[in-house]
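Commentary on secondary and tertiary structure
Residues per chain, in single letters:
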Amino acid sequence: MKIAIIYYSATGTNHQMAKWAAEAAKSNGDHDVRLRKLKETAPMEAIESNDAWKKHYKETQDVEVAELDDLDWADAIIFSIPTRYGNLPSQLQAFFDTTGSLWSNGKLINKVVSGMTSAQNPHGGQETTLLSLYKSMFHWGAIVAAPGYTSEELFKTGGNPYGFSSEGGVDNLNEQSKTSITHQVKRTINIAESIKSGMSNAS
């Protein structure tokens, strides 16, 4: 399986979540995994004004930026993004706005997609952010692989059926967070494998 893990992170929370997702994907079989960050579109003066943002920006300069080829290449895609007023961060929306050629040529159909998110507080828009992500996926013709309530482990991290979500920043992530992310990744891969196998048999 070819798995793209695409994230946006200002201060490191979603970067850590994405790294755990990549580890889970690599440990779940002989998969080809790409970890990619979204291009930063915020002005440097905004980044420079926040020490944590500036630090993380400098520390992740070597992470490759997501390109359209990553979407075309992947069988499964996992997005890890923070909420912005209950919506997608502008960095992801800007990326989506460039996918018209892939969409019009049917290149995004049947991609298996799952999402994770974070916010500063417990009710900071996590669920609506993931639903906003999935709305775009429906337009792609992608197949959403949300975790649902498929493991008791999910309840220990809030029980969000739309995707793993965290609160309070990177320091609040823990081993239980990693366990929930691992479960979601494995579920996404299993669904993608079933779909790819079924399509191969049908042809």
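In this report, we go over the structure that sits alongside the text. Being a predicted model, the structure only gives us computed values, none of them experimental.

Right, let's get into the overall build of the chain. For the chain, the helix and strand inventory stands at eight helices and six strands. Helices (α) and strands (β) of the chain occur, in sequence order from the N terminus, as β-α-β-α-α-α-β-α-α-β-α-β-β-α. For the chain, whose C-alpha radius of gyration is 16 Å, the value lies close to the compact-globule estimate of 17 Å for 203 residues. Taken along its principal axes, the extent of the C-alpha atoms in the chain is 55 × 40 × 30 Å. For the chain, the share of sequence-separated contacts (at least 6 apart) that also reach a separation of at least 24 residues comes to 78%. The centroid of the 19 positive side-chain charges in the chain is displaced by 2 Å from the centroid of its 23 negative side-chain charges.

With that settled, consider the pairing of strand β4 (residues 112-119). For β4, the tally of buried residues reaches eight of eight residues, placing the bulk of the element in the interior. Residues of β4 alternate between two faces, with Val 112, Ser 114, Met 116 and Ser 118 on one and Val 113, Gly 115, Thr 117 and Ala 119 on the opposite face, all of them buried. Where strand β3 (residues 76-82) meets β4, seven bridges bridge the pair, whose relative direction is parallel. In the strand pairing of β4, Ser 80 is matched with Met 116. Where β4 meets strand β5 (residues 143-144), two bridges bridge the pair, whose relative direction is parallel.

What follows deals with the pattern of salt bridges. The final tally for this structure, using the stated rule, is nine salt bridges. Among the salt bridges present, the one from Asp 70 reaches Arg 34, with a minimum N-O distance of 2.7 Å. Note that Asp 70 is positioned in helix α4 (residues 68-73) and Arg 34 in strand β2 (residues 32-37), a separation of 36 residues in sequence. Given a relative accessible area of 3%, Asp 70 falls into the buried group. With relative accessibility at 19%, the residue Arg 34 sits in the buried group.

Parameters and conventions
- Residues numbered from 1 in each chain as written.
- Predicted model: local features only at pLDDT ≥ 70, side-chain atom pairs only at ≥ 80, totals over all residues.
- Heavy atoms only, no water.
- Helix = DSSP H or I, 4+ residues; strand = E, 2+ residues; numbered from the N terminus.
- Rg over C-alpha atoms; globule rule 2.2 N^0.38 Å.
- Contact = heavy atoms within 4.5 Å.
- Lys, Arg positive; Asp, Glu negative; His and termini not counted.
- Charge placed at Lys NZ, Arg CZ, Asp CG, Glu CD.
- Buried < 20%, exposed > 50% of the residue type's maximum accessible area, 1.4 Å probe, protein only.
- Pairing = 2+ DSSP bridges.
- Salt bridge = Lys/Arg side-chain N within 4 Å of Asp/Glu carboxyl O.

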